[in-house]
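# Observations on chain architecture
Chain by chain, the residues run as shown.
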Amino acid sequence: MKTISGGVTAPKGFRAAGVYCGVKASHAGDVTPAVPTTRGKPDLAMILSDCECTAAATYTLNRVKAAPLYVTMSHLEDGVCRGVVANSGNANACAPLSHENAEKMCELAAAATGLQPEDFVVASTGVIGQTLNIAAIEKGMPQVVQQLSEEGSDAAAHAIMTTDTVKKELALTVTIGGKPVTIGAIAKGSGMIHPNMGTMLCFITTDCAITSEMLSDALHDIVPRTFNRVTVDGDTSTNDMCVVLANGLAGNPQIEWKDDDYTLFYKALHQVCEQMARSIAADGEGASRLITCTVTGARSEDTAERLAKAVVGSSLVKAAMFGADANWGRVLCAMGYSKAPFRPEYVDVTFSSIQGDILVCQKGAGVDFDEDLAKKILSQDEVVISVNLHEGEDQATCWGCDLTYEYVKINGDYRS
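Residues numbered from 1 in each chain as written. Predicted model: local features only at pLDDT ≥ 70, side-chain atom pairs only at ≥ 80, totals over all residues. Heavy atoms only, no water.

### Some words on the nonpolar core
Grouped together as the largest cluster of nonpolar side chains are 40 residues, with contacts concentrated most on Ile204, Ile210, Phe227, Cys242, Ile255, Phe265 and Leu269. Breaking this core down by element, the ones donating at least two residues are strand S7 (168–176), strand S8 (179–188), strand S9 (201–206), helix H5 (212–222), strand S10 (241–246) and helix H6 (260–282). Examining the composition of this core, we find that 11 residues originate from one element, H6, more than from any other. In this structure, Cys293, Leu307, Ala326 and Ile377 belong to the second largest nonpolar core, which totals 35 residues. (Core = buried A, V, L, I, M, F, W, Y, C linked by side-chain atoms within 4.5 Å. Buried < 20%, exposed > 50% of the residue type's maximum accessible area, 1.4 Å probe, protein only. Helix = DSSP H or I, 4+ residues; strand = E, 2+ residues; numbered from the N terminus.)

Printed below as a string of structure tokens:
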């Protein structure tokens, strides 16, 4: 597998765009291309395939779901799709006319492209409970379609951002059936991140020829091992969605069974999802460092996952990582309330980063260690907490971030 540039437009036959149309009421009706302006950031995105795609998706398990998810579920019942239309600035969740406006976005996209409303996946992200400014989107739709290009992934990636500080975009190639197959992705997510499929959207494109059944099987197996192992703040969004579109233009023999070609595709898709998950965790609201927790020696993968997610989700662990404080007791504490079975007296804990590694707990008890070295290790952009249970052969890795003053600042006045 080789990482390349191009994001969602790297695969054959996909175009994308992003424009600023003023979804937030204070900017309504002002439409400009996705370039830096004093009026606001891009807030309307589209991804479009030149031909019909097989499609699969996963959605938030929050009982309160945004209207775009229900519309997307309906549109993907037949397992095919042509494109994605998405906005930032408003979640279109728990709001007046939310379902009607989600359907209207698809109708507007269809009218501007000459397709059918059912050909589109729709997604929204932003403030919950406020009526979507559909008039701004209506004015912006012709412009976003006009801007569609094979270089448009960057603009689309910026258009779905909310409190994100960096765009999240990736593409890679892999040879399947003797043909180069490309997978591209863009995502957004910074706060309200504790996916159960926080506010997380991910759109993945590929030119691989694969049935919707095989695509769905792969996605539903990979998401729990990647995106669902991320936590920023413990809040599961109303709008979480991960969608994959496959148009088959790579020309590989269609993947219809879980054979060697399926395995290659699965591994490539897993790598894309894992890297996007890591980028979301690293860009957590107010975060100064990525926290990775790997639990090994577990009796089951589920046990390892529950323990690792408890560690990266602990507010006390996150605060300690912000202060570069090697307070390993908080790691064991978080493991203890996870309700996952383990024997504390067997546990070893090591902190590591590019500055080295340091054992801080052995067999459930503290050991002497160099505090200065520990602080140096914990002051890096990515810190790894390694936990060995010494009870089995299974393992799991989860990702989170530290908890800083900036997180409270961002969320204390989010609606403004």
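There's more to say after this.
### Considerations on the environment of Val80
When you line up the elements, Val80 lands in strand S5 (residues 80–88). Between the alpha carbons of Val80 and Ala55 there is a distance of 5.2 Å; along the sequence they are 25 residues apart. Apart from the residues lying within four places of it in its own chain, the contact partners of Val80 are Glu52, Cys53, Thr54, Ala55 and His75. (Contact = heavy atoms within 4.5 Å.)

### Topic: unusual backbone geometry
Even without a glycine there, the phi angle at Asn92 is positive, about 50 degrees. By the element assignment, Asn92 lies in the loop between S5 and helix H2 (98–113). A positive phi is found at Leu97, a non-glycine position, where the angle reads about 60 degrees. A residue is classified by how much of its surface remains accessible, and Leu97, at 52% relative accessible area, is exposed.

### With respect to helix H9 (residues 329–336)
Listed as buried for H9 are Val331, Leu332, Ala334 and Met335. The buried residues of H9 occupy one face: seen down the axis, they fall within an arc of 160 degrees. The inward-facing, buried residues of H9 abut helix H7 (301–313), helix H8 (315–322), strand S12 (348–353), strand S13 (356–362) and strand S15 (382–388). (Arc of directions from axis to C-beta.)

### Here we look at the sheet that holds S13
Ordered by their spatial adjacency, 6 strands build an open sheet running S14-S13-S12-S15-S11-S16, and the pairing between neighbours is mixed. The outermost strands of the open sheet, each flanked by one partner alone, are strand S14 (365–366) and strand S16 (394–401). As paired strands, S12 and S13 are joined by 5 bridges and run antiparallel to one another. Counted as the bridge partner of Ser353 is Gly356 from S13. Its contacts with the sheet place H7 against strand S11 (290–298), S15 and S16, and it is angled at close to 20 degrees to S16. (Pairing = 2+ DSSP bridges. Axes fitted to C-alpha atoms, helices over the stretch in contact; angles between N-to-C directions.)

### Structural notes on the packing of aromatic side chains
Considering all chains together, one arrives at 2 aromatic pairs under this definition. Arranged with centres 5.3 Å apart and planes meeting at 85 degrees, the rings of Phe322 and Tyr405 form a pair that is edge-to-face. Of the two residues, Phe322 is situated in helix H8 and Tyr405 in helix H11 (residues 405–412); the sequence distance between them amounts to 83 residues. In this structure Tyr405 comes out as exposed when scored by relative accessible area, which is 68%. (Phe/Tyr/Trp six-rings, centres within 6.5 Å; stacked < 30°, edge-to-face > 60°.)

### Description of the pairing of strand S2 (residues 14–20)
Most of S2 is tucked away, with 6 of its 7 residues classed as buried. Inspection of the sheet shows S2 paired to strand S4 (residues 44–59) by 6 bridges, in the antiparallel sense. Its bridge partner lying in S4, Val19 is registered against Leu44.

### Examining H2
Between its first and last C-alpha, H2 extends 23 Å over 16 residues, near the 22 Å set by a 1.5 Å rise per residue. Among all positions in H2, only Ser98, Asn101, Ala102, Met105, Cys106, Leu108, Ala109 and Ala110 are buried. Here the buried face of H2 lies against S4, helix H1 (67–75), S5, strand S6 (120–125) and helix H3 (134–146). The positive-phi residue at the C-terminal boundary of H2 is Gly114, with phi of around 80 degrees. (Expected span 1.5 Å × (residues − 1).)

### What to know about the pattern of salt bridges
Oppositely charged side chains are able to pair whenever their charged atoms sit close together. As enumerated under the stated definition, the model contains 14 salt bridges in all. With a shortest N-O distance of 2.9 Å, Glu382 and Arg278 are connected by a salt bridge. Placement of the pair is Glu382 in strand S15 and Arg278 in helix H6, with a sequence separation of 104 residues. The class for Glu382 is partly exposed, based on a relative accessible area of 27%. A residue is classified by how much of its surface remains accessible, and Arg278, at 26% relative accessible area, is partly exposed. Asp402 is the partner of Arg289 in a salt bridge, and the nearest nitrogen-oxygen pair spans 3.6 Å. Taken together, the positions of Arg289 in the loop between H6 and S11 and Asp402 in the loop between S16 and H11 put the pair 113 residues apart, joining distant regions of the chain. Beyond isolated ion pairs, a larger network of salt bridges with shared partners links Asp221, Arg225, Arg229, Glu301 and Glu305. (Salt bridge = Lys/Arg side-chain N within 4 Å of Asp/Glu carboxyl O.)

### Remarks on the side chain of Thr292
Looking at the element boundaries, Thr292 is found in strand S11. One polar contact links Thr292 to Glu382, side chain to side chain, over a distance of 2.9 Å. Sequence-distant contacts of Thr292, that is, excluding residues within four places in its chain, are made with Arg278, Glu382, Val383, Val384, Ile385, Thr397, Cys398 and Trp399. (Polar contact = N/O pair within 3.5 Å; in protein donor to acceptor, adjacent residues only side chain to side chain.)

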